[in-house]
Amino acid sequence: MKKIIALLCSCAAICGVVSVLPDIAVDAAPAAHVTSPKYVSYSKTLSANGTLSYLSQSDVTSALPLVIGSYLVSEGDHVNAGDIIATVDTEGSSSFIKSLGQLPQLAVAASGLSTAVSLIPRQITADRSGRVLSVAGSGAAVEAGSSICTIAGTDTLVLSVPVSEQYISSVELGQAVSFTLTAYPDIVFTGKVADIAGSARSRYSGSVLETVVDVTIAPDEYDERLRSGLTAEAVFTLTQPKTICVLPYDTIGQDEGGEYIYVYQDGKAVRRRIFTGAEFSDGTEIVKGVTAEELVFTEPEQIADSSYIRMKAEEE
């Protein structure tokens with residue numbers, strides 16, 4: 001009788017242990033966070049850097065290095081083509097040219113140094129009518145080709161942006177553009193493409209030679225913070241806004257077959273193949289494979305190595 005009772009007690013104990021095994025396994029299983037994809041409005045854009053200037057703005061320059069004697073105009077003055085802008089310090093210019101005479105960058109269209117000195121002008125005149133934006137300053141030593149005076153032919157301020165040839169086909173007249181100034185990085189200004197240059201040009205971007213097309217952007221509104229010479233980053237809107245599904249990067253795994261996620265489905269973590277699109281700082285577009293109504297596990301590699309997984313509570 002005692003043996004029977006002992007056997008029954010042992011069976012009961014075993015059954016009790018077996019009954020709590022699932023709970024123990026669940027508690028011991030690694031916990032993982034879940035998140036939901038989010039829908040966002042997205043437009044394909046193109047960014048490029050440029051400089052604000054007045055339409056028909058140009059610099060008055062000289063083929064010879066010069067020392068300016070004195071200016072007869074000030075910033076803001078209106079000048080006509082042919083008006084005298086400044087006088088030249090001929091003796092100072094002669095010394096300046098001679099000091100550069102042994103340097104290969106001396107750019108003079110003359111047969112010799114003495115000839116160059118004889119070509120020093122006594123006055124500098126405006127090559128167009130307009131408003132004076134800046135002057136080099138009385139007594140300034142100005143190298144060949146550098147600005148002696150900047151004149152704006154109109155009062156229309158525009159943003160000039162060089163766009164790489166590989167993207168220029170996406171830019172068109174009237175296209176909406178937003179831009180921020182380096183001086184005011186938190187303020188967004190808007191404008192439209194007013195002109196696209198009829199020919200491309202080459203320029204160096206660092207040590208890389210690239211082909212660009214100059215694009216002119218007209219601001220939508222006058223703002224006193226917009227000043228000639230300020231640099232800006234322009235963002236061209238290339239496509240109409242559309243709603244896309246975005247997932248954080250820490251929910252996406254990758255193997256030889258491509259990218260995948262783990263979705264919470266019927267109480268289990270189910271592996272699913274996905275296809276991605278546009279990339280952002282905090283996530284990527286999911287073109288196919290999940291909807292915003294589903295729960296997706298983070299750290300998919302950890303889930304792949306586990307027999308059991310439990311959803312992590314908010315306070316854990």
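Predicted model, so just to flag it, every value in this text is computed and none were measured.

A. Seen up close, the overall build of the protein. When you go through the protein residue by residue, the secondary structure sums to four helices and 25 strands. Classification of the 316 residues of the protein by burial places 31% in the buried group. Contacts spanning at least 24 positions in sequence make up 72% of the contacts within the protein whose residues lie at least 6 apart. In the form shown here, the protein has an accessible surface area of approximately 18,700 Å², with 51% of it arising from carbon and sulfur atoms.

B. Expanded view of the confidence of the model for the protein. Of all residues in the protein, 82% have pLDDT values of 70 or greater, and the mean over the chain is 83. Predicted confidence is poor over residues 2-21, with pLDDT under 50, and the contacts of this stretch with residues over four places away or in other chains come to zero contacts.

C. Broad picture of helix α2 (residues 90-99). Of all the positions in α2, only Ser 93, Ser 94, Phe 96 and Ile 97 are classed as buried. The arc enclosing the buried residues of α2, seen along the axis, measures out at 165 degrees, which places them on a common side. Across α2 from its buried face, at more than 90 degrees, point the exposed residues Glu 91, Lys 98 and Ser 99. Looking at where α2 begins, the residue whose side-chain oxygen comes 3.4 Å from the main-chain nitrogen of Glu 91 is Asp 89.

D. A look at the sheet that holds strand β6 (residues 66-71). Across the sheet, four strands lie side by side as β9-β8-β6-β11; this open sheet has antiparallel pairing. Two strands in the sheet have a free side with no partner beyond their single neighbour: β9 (123-125) and β11 (141-142). As paired elements, β6 and strand β8 (residues 84-88) share three bridges and run antiparallel to each other. When the bridges of β8 are listed, Ile 68 appears paired with Val 88. Strands in contact with α2 are β6, β8 and β11; relative to β6, the strand with the most contacts, it is inclined by about 160 degrees.

E. Structural view of the pairing of strand β22 (residues 268-279). In this structure, strand β21 (residues 258-265) lies alongside β22, joined through seven bridges in antiparallel fashion. The residue of β22 that forms the bridge with Tyr 262 is Arg 271. Taken together, β21 and the strand that follows it, β22, pair antiparallel across an intervening segment of two residues, in which Asp 266 is found at a positive phi of about 55 degrees. Examined bridge by bridge, β22 and strand β23 (residues 284-288) share three bridges and lie antiparallel to one another.

F. Expanded view of the layout of surface pockets. Within this model, the largest pocket holds a volume of roughly 170 Å³. Around the largest pocket, the lining residues are Tyr 54, Asp 155, Thr 156, Leu 157, Pro 219, Glu 221, Tyr 222, Asp 223, Glu 224 and Leu 226. In the lining of the largest pocket, the residues fall into five nonpolar, one polar and four charged.

G. Main features of the pattern of salt bridges. The tally for this structure, following the rule as stated, stands at nine salt bridges. With a shortest N-O distance of 2.8 Å, Asp 223 and Arg 225 are connected by a salt bridge. The class of Asp 223 is buried, set by a relative accessible area of 17%. Overall, Arg 225 belongs to the partly exposed group, its relative accessible area being 29%. A cluster of three or more residues bridged by salt bridges with shared partners is formed by Asp 255, Arg 271 and Arg 273.

H. Here's a closer look at the side chain of Ser 164. Mapped onto the fold, Ser 164 is located in strand β13 (residues 157-164). The residues touching Ser 164, leaving out its near neighbours within four places in the chain, are Thr 211 and Val 212.

I. Spatial organisation of the side chain of Ser 93. When you line up the elements, Ser 93 lands in helix α2. Not counting residues within four places of it along the chain, the set of residues in contact with Ser 93 comprises Pro 65, Leu 66, Val 67, Val 88 and Ile 120.

J. A look at the sheet that holds strand β12 (residues 149-152). Spatially, β5-β12-β10-β7 is the arrangement adopted by the four strands of the open sheet, whose pairing is antiparallel. At either margin of the open sheet sits one strand with a lone partner, and together these are β5 (57-60) and β7 (78-79). Direction of pairing for strand β10 (residues 130-135) relative to β12: antiparallel, over a ladder of four bridges. By the bridge assignment for β12, Arg 131 is matched with Ala 152.

K. Focus on the packing of aromatic side chains. In this structure the tally under the stated criterion is four aromatic pairs. When the centroid spacing of 5.5 Å and the interplanar angle of 20 degrees are considered together, the rings of Phe 179 and Phe 189 count as stacked. Taken together, the residues Phe 179 in strand β14 (residues 176-181) and Phe 189 in strand β15 (residues 189-196) connect sequence positions ten residues apart. Each of the two residues, Phe 179 as well as Phe 189, counts as buried. Between Tyr 260 and Tyr 262, the ring centres sit 6.1 Å apart and the planes meet at 90 degrees, which makes this aromatic pair edge-to-face. Taking relative accessible area as the criterion, Tyr 262 reaches 8% and is therefore assigned buried. Directly above the ring of Tyr 54 sits Arg 131, whose terminal nitrogen or CZ lies 4.9 Å from the centroid.

Rules used throughout
Residues numbered from 1 in each chain as written. Predicted model: local features only at pLDDT ≥ 70, side-chain atom pairs only at ≥ 80, totals over all residues. Heavy atoms only, no water. Helix = DSSP H or I, 4+ residues; strand = E, 2+ residues; numbered from the N terminus. Buried < 20%, exposed > 50% of the residue type's maximum accessible area, 1.4 Å probe, protein only. Contact = heavy atoms within 4.5 Å. Areas by Shrake-Rupley, 256 points an atom, 1.4 Å probe, with all protein chains shown as cover. pLDDT = per-residue confidence, 0-100. Arc of directions from axis to C-beta. Polar contact = N/O pair within 3.5 Å; in protein donor to acceptor, adjacent residues only side chain to side chain. Pairing = 2+ DSSP bridges. Axes fitted to C-alpha atoms, helices over the stretch in contact; angles between N-to-C directions. 1 Å grid on protein atoms, 1.4 Å probe; cavity = no way out; pocket = protein on both sides within 12 Å on 5 of 7 lines; lining within 4 Å. Points joined across faces, edges and corners; volume = space filled by probe spheres on them. Nonpolar A, V, L, I, M, F, W, Y, C, P; charged D, E, K, R; others polar. Salt bridge = Lys/Arg side-chain N within 4 Å of Asp/Glu carboxyl O. Phe/Tyr/Trp six-rings, centres within 6.5 Å; stacked < 30°, edge-to-face > 60°. Lys NZ or Arg CZ within 6 Å of the ring centre and 35° of its normal.

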